[in-house]
Amino acid sequence: MQIKRWETLEGFNAVVAYVAAKDEFHDFRLGNIEWRGEQLRIAIEGEARVWYFTFTGVSELEFDMDCVLPAYVTEMGIKGHNVLLDLNNGWFSFRAREVTLEIPRREEKQDE
């Protein structure tokens, strides 16, 4: 039997509601960032779990970041299709056509 490890949200409205419920990922660590053409994949780590955002149709990417310190999210803001990641050591902003969020599921303990 395969265990489903991820729940997937698609579309900006669903993702915005989830981000707000997670307090904009305040004080979570910025993980890997992968940029391939018009696709941007960002990992955010916290609570011993990792969330993966995949943005497609990305344009207007701008960022300023001091890479000496580890990056922690102070706020993740999404308005319309504009995304801002405010960090303790800089920021990222971009516009995206679509978004998908992979949410890690906590494993439930089986009774033995």
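Read on for an overview of the structure. All figures in this text were calculated on a predicted structure; none of them were measured in a lab.

With that settled, the discussion passes to helix α1 (residues 12-21). Listing the buried residues of α1 in full gives Phe12, Val15, Tyr18 and Val19. Around the axis of α1, the buried residues are gathered within 130° of arc, so they sit on the same side. The outward face of α1, more than 90 degrees from its buried face, is lined by the exposed residues Asn13 and Ala21. Elements in contact with the buried residues of α1: β1 (6-10), β4 (49-56), β6 (73-79), β7 (82-87) and β9 (98-104). Residue Asp23 follows α1 closely and has a positive phi angle near 55°.

The next point concerns the sheet that holds β6. Reading across from one edge, β5-β8-β7-β6 is the order of the 4 strands in this open sheet, with antiparallel pairing throughout. Every other strand in the sheet has two partners, leaving β5 (59-65) and β6 as the edge strands with one partner each. Put simply, the sheet's adjacent strands are angled 5° from each other on average, direction ignored. In this sheet, strand β8 (residues 90-95) lies alongside β5 in antiparallel orientation, the contact comprising 5 bridges. Each residue of the ladder has a partner; that of Phe63, found in β8, is Phe92. Of the strands in this sheet, β6 and β7 touch α1, which is tilted by about 150° from β6.

About the thresholds
- Residues numbered from 1 in each chain as written.
- Predicted model: local features only at pLDDT ≥ 70, side-chain atom pairs only at ≥ 80, totals over all residues.
- Heavy atoms only, no water.
- Buried < 20%, exposed > 50% of the residue type's maximum accessible area, 1.4 Å probe, protein only.
- Helix = DSSP H or I, 4+ residues; strand = E, 2+ residues; numbered from the N terminus.
- Arc of directions from axis to C-beta.
- Contact = heavy atoms within 4.5 Å.
- Pairing = 2+ DSSP bridges.
- Axes fitted to C-alpha atoms, helices over the stretch in contact; angles between N-to-C directions.

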